[in-house]
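# Notes for the structure review
Letter by letter, the chains look like this.
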Amino acid sequence: MTYSYTQINQYLRCPRSYRYRYLDGWREKDTRAGMAFGRCFETALGAYFRSEDATEVLFKQWETFRDAPLEYRKGDSWERLYHQGLHLLHKFAQDDRVRILRPEQNLQVKLLRTLPGDHEFVAYIDALGELDGRDCLIDWKTTTNRYAEEPAGLLRFDPQLICYSWMSGISDVALVVFVRKQMPEIQYLKISISEDHRREFGRLVEMTVAQVEAGQFASHSGIRFPRNGCLSCGHLGLCLDNSKLIEANLVRQPGAAELDWLDHFDG
Ligand code: SF4
């Protein structure tokens, strides 16, 4: 069995949701415009580092979604996202703080790690390069909200960055956040992940895999109002036995457990 960060994260959020998705094959319908746009934007970033015309790549990629039945946030539209993307690409080039040598090798880097019990863990690192002249592992994010920067050091607890640091053995990690808002902004956030944090994450992965293998899928519905995790869970319809919600949010794929490597495309 091959595990990924998305799987571990989903199990920790709610084991029942994990079972619905990875054992029963219920996946959320991917209709969020922001997610689709994020993937197009990251493809354009790859083109930028290969010295291709990134704005043309962004247009071509995003053009394929022009008539797709995507769900846009209030006030968003195909054109608005496209213009925000152009603005962000120009700003990124102007800032000129990130370098990726040999982009064909150092973008979307696949890492594999063996886990006890003949399992393995796969991760796709967005980039290995330099930020402000310093070597680091880089993760891109496109979002509508700025990442919290206070209190200082908060990024040290970002589970995805810890996961990538654990997989690669690289301490210095960076999150480059492309914020789609009225005045688009780019955050360049750097942090060093300690060996202790990496070891702790490795133990968490092993414990989680052992629970999955033991078939433990009790629900973790989360915290009560106003932060009830069930409200943002795509599997709510299954838990409530509500066919309308199931139809609106989910699609069932047989053999989904074999497809988990695709999760690296998740936002
Ligand atoms: S709706 Fe709540 S209990 Fe059900 S799978 Fe989602 S998070 Fe778990």
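The text that follows walks through the structure, step by step, so that each part is easy to find. This structure is a prediction, so every number in the text was calculated from the model and none was measured.

The subject of this paragraph is the site of the ligand. Cys-14, Ser-17, Ser-219, Cys-230, Cys-233, Leu-236 and Cys-239 make up every residue found near the ligand. When the residues that make up the shell around the ligand are grouped by side-chain class, the tally is five nonpolar, two polar and no charged.

This part covers the nonpolar core. Among the nonpolar cores identified, the biggest contains 34 residues, and Phe-92, Val-98 and Trp-140 are the most heavily contacted of them. Those elements giving two or more residues to this core turn out to be α3 (33-49), α4 (54-63), α5 (78-95), β5 (119-131), β6 (134-143), β7 (172-179) and β8 (185-192). For this core, the element with the highest residue contribution is α3, accounting for nine residues. Counting residues in each nonpolar core, the second largest holds 32 residues, with Tyr-5, Ile-125, Leu-137 and Leu-189 among its members.

Another point: the packing of aromatic side chains. Within the structure shown, the criterion is met by 21 aromatic pairs. With centroids separated by 5.8 Å and ring planes inclined at 85°, the aromatic side chains of Phe-49 and Phe-92 adopt a geometry described as edge-to-face. Here Phe-49 is found in helix α3, whereas its partner Phe-92 is found in helix α5, with 43 residues between them in sequence. Overall, the relative accessible area of 10% leaves Phe-49 in the buried class.

Phi is positive for Ser-51, which is not a glycine, with a value near 60°. You can see Ser-51 is positioned in the loop between α3 and α4.

Counting through the fold element by element, Gly-169 comes out in the loop between α7 (159-168) and β7. Distance from Gly-169 to Arg-252, taken between C-alpha atoms, is 36 Å for residues 83 residues apart in sequence.

This part covers the environment of Ile-125. Turning to its location among the elements, Ile-125 is positioned in strand β5. Remark: the alpha-carbon pair of Ile-125 and Pro-254, spanning 129 residues in sequence, is separated by 28 Å. Once you skip the residues sitting within four places of it in the chain, Ile-125 turns out to touch Leu-107, Gln-108, Val-109, Leu-111, Leu-137, Ile-138 and Tyr-164.

Okay, the pattern of salt bridges next. Inspection of the entire model under this criterion finds 20 salt bridges. The salt bridge involving Asp-95 is made with Lys-91; its shortest N-O contact spans 3.3 Å. Here the residue Asp-95 and the residue Lys-91 both occupy positions in helix α5, the gap between them amounting to four residues, near one helical turn. Classification of Asp-95 as partly exposed rests on a relative accessible area of 24%.

Right, let's get into α3. Over its 17 residues, α3 extends 25 Å from the first C-alpha to the last, a length consistent with the 24 Å expected when each residue adds 1.5 Å. Of all 17 residues making up α3, 12 are buried, and the element is well covered by its neighbours.

Positionally, His-235 belongs in the loop between α8 (195-213) and α9 (236-240). Here His-235 falls in the buried class, since its relative accessible area comes to 3%. Discounting residues that sit within four places of it in the chain, His-235 has contacts with Gln-10, Ser-17, Tyr-20, Arg-21, Trp-26 and Leu-250.

Two numbers describe how α7 lies on α8: the axes approach to 9 Å, and their chain directions differ by 95°. Taken together, the axes of α7 and α8 lie roughly perpendicular to each other. Counted together, Pro-159, Ile-162, Cys-163, Ser-165 and Trp-166 of α7 and His-197, Arg-198, Phe-201, Gly-202 and Val-205 of α8 form the full contact between these two elements. Residue composition of the contact of α7 with α8, by class: six nonpolar, three polar and one charged.

Okay, the pairing of strand β4 (residues 107-115) next. Across eight bridges, β4 lies against β5 in antiparallel orientation. Bridge pairing in β5 links Leu-115 to His-119. Between the antiparallel neighbours β4 and β5 lie three residues, among them Gly-117 with a positive phi of about 80°.

Basis of the calculations
- Every residue gets a number counted from 1 within its own chain, in the order that chain's sequence is written.
- In view of the model being predicted, local features appear only for residues whose pLDDT reaches at least 70, and side-chain atom pairs are presented and counted only at 80 or more, with totals across whole chains, interfaces and linings using the full set of residues.
- Water and hydrogen atoms were dropped before computing side-chain values, which therefore reflect all heavy atoms in the structure.
- We call a residue near a molecule or strand whenever a single non-hydrogen atom of that residue lies within 4 Å of it.
- Each residue gets one of three labels, nonpolar for Ala, Val, Leu, Ile, Met, Phe, Trp, Tyr, Cys and Pro, charged for Asp, Glu, Lys and Arg, and polar for the others, Gly among them.
- Buried residues of nine kinds, namely Ala, Val, Leu, Ile, Met, Phe, Trp, Tyr and Cys, make up a nonpolar core once their side-chain atoms join them within 4.5 Å.
- Only protein chains enter the area calculation, which uses a 1.4 Å probe; residues under 20% of their type maximum are buried, those over 50% are exposed, and those in between are partly exposed.
- Strands here mean DSSP runs of E at least two residues long; helices mean DSSP runs of H or I at least four residues long; both are numbered from the N terminus.
- Stacked, tilted and edge-to-face are the three classes applied to pairs of Phe, Tyr and Trp rings, where Trp contributes its six-membered ring and a pair requires centres within 6.5 Å; stacked means planes under 30 degrees apart, edge-to-face means over 60, and tilted covers the rest.
- The contact definition used throughout considers only heavy atoms, calling two residues in contact when any of these lie within 4.5 Å.
- Here, a salt bridge means any side-chain nitrogen of Lys or Arg that lies within 4 Å of a carboxyl oxygen of Asp or Glu.
- Helices are assigned an expected span. That span is 1.5 Å times one less than the residue count.
- Axes here mean lines fitted to C-alpha atoms, for a helix over just the part in contact, with angles spanning 0 to 180 degrees between N-to-C directions.
- With respect to orientation, any angle under 35 degrees is reported as roughly parallel, any angle over 145 as roughly antiparallel, any angle of 65 to 115 as roughly perpendicular, and every other angle as oblique.
- Paired strands, as defined in this entry, are two strands with at least two bridges between them according to DSSP.

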